[in-house]
Amino acid sequence: MPDAQRLQDLLAQCAQQRESALSELYRLASPHLFALARRMLRDQAAAEDVLQECFVSIWRQAGQYRAEQSQAMTWMTRIVRNRCIDRLRRPGIELPDPDDSLTLAMADDAPGPLARLSASRDGERLADCMGQLEGPQRVAIAMAFFDDMAHPDIAARLDAPLGTIKSWIRRGLLRLKRCLE
């Protein structure tokens with residue numbers, strides 16, 4: 001993780017329209033931000049597009065950054081996360097990870113829950129049933145069970161009311177149960 005003070009200084013220089021600062025900021029922060037976009041979008045090309053759009057936004061909005069409100073990396077991460085969420089909300093944009101290549105690339109040596117599940121016959125059945133769920137239900141359930149996120153975190157990430165998230169998950173789990181029976 002890059003030095004927080006260095007990132008803050010680079011953002012201040014970007015606010016003064018110093019292109020060399022943007023180049024250095026990109027060099028330091030893009031690996032972390034790209035990993036986030038790739039994990040959220042599950043598509044390298046889409047993650048690259050989002051990252052480029054985000055650095056344009058960072059360049060344009062650098063003057064709005066306030067160090068007393070958040071760390072520089074937190075501020076930039078929020079921009080990337082929000083742009084990814086916007087992209088995921090577009091109809092038909094959710095991309096599967098059928099061979100688990102993204103999941104496996106980001107996991108440690110031990111297989112993660114999704115990889116273990118996919119390796120079993122039950123995992124195939126569950127994947128088929130998950131595919132029958134509506135997009136928001138499927139995303140909320142995946143975040144809860146595969147990413148181990150709490151309901152309030154899912155609500156924040158999807159910018160939806162907590163009650164809605166709980167309903168999506170509850171109804172989705174009921175549909176999964178019926179499908180798997």
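The following refers to the structure shown.

What counts, and at which threshold
- Residues numbered from 1 in each chain as written.
- Predicted model: local features only at pLDDT ≥ 70, side-chain atom pairs only at ≥ 80, totals over all residues.
- Heavy atoms only, no water.
- Disulfide = S-S within 2.5 Å.
- Helix = DSSP H or I, 4+ residues; strand = E, 2+ residues; numbered from the N terminus.
- Buried < 20%, exposed > 50% of the residue type's maximum accessible area, 1.4 Å probe, protein only.
- Core = buried A, V, L, I, M, F, W, Y, C linked by side-chain atoms within 4.5 Å.
- Contact = heavy atoms within 4.5 Å.
- Phe/Tyr/Trp six-rings, centres within 6.5 Å; stacked < 30°, edge-to-face > 60°.

**Examining the state of the cysteines**
Per the counting criterion, the structure on display carries one disulfide. Two residues, cysteine 129 and cysteine 179, share a disulfide whose sulfurs are 2.0 Å apart. Taking the torsion about the sulfur-sulfur bond, which here is approximately -80°, the covalent link between cysteine 129 and cysteine 179 counts as left-handed. Note that cysteine 129 is positioned in helix α7 (residues 121–132) and cysteine 179 in helix α10 (residues 162–180), a separation of 50 residues in sequence. For cysteine 179, a relative accessible area of 28% corresponds to the partly exposed category. Cysteine 84 carries a free sulfur, and the closest cysteine sulfur to it, the one in cysteine 54, is 6.5 Å from it. Residue classification places cysteine 84 among the buried positions, given a relative accessible area of 0%.

**Some words on the nonpolar core**
Judged by nonpolar contacts, the single largest core of 31 residues is most densely connected at Leu11, Leu25, Leu33, Ile58 and Met76. Sorting the residues of this core by element identifies α1 (4–15), α2 (19–41), α3 (44–61) and α4 (72–89) as the ones contributing at least two each. Per-element tally for this core: the top contributor is α2, with nine residues. Contact partners of isoleucine 58, with chain neighbours within four places excluded, come to Leu11, Leu25, Trp75, Met76 and Ile79. One finds Leu133, Ala155, Ala160 and Ile169 within the second-largest nonpolar core, a separate group that totals 17 residues.

**Looking at the packing of aromatic side chains**
Summed over all chains, the structure comprises two aromatic pairs. Between tyrosine 26 and phenylalanine 55 the ring centres are 4.8 Å apart and the planes differ by 65°, which places this aromatic pair in the edge-to-face class. Of the two residues, tyrosine 26 is situated in helix α2 and phenylalanine 55 in helix α3; the sequence distance between them amounts to 29 residues.

**Examining the environment of arginine 60**
Mapped onto the elements, arginine 60 comes out in helix α3. With 46 residues separating them in the primary sequence, arginine 60 and cysteine 14 have C-alpha atoms 8.3 Å apart.

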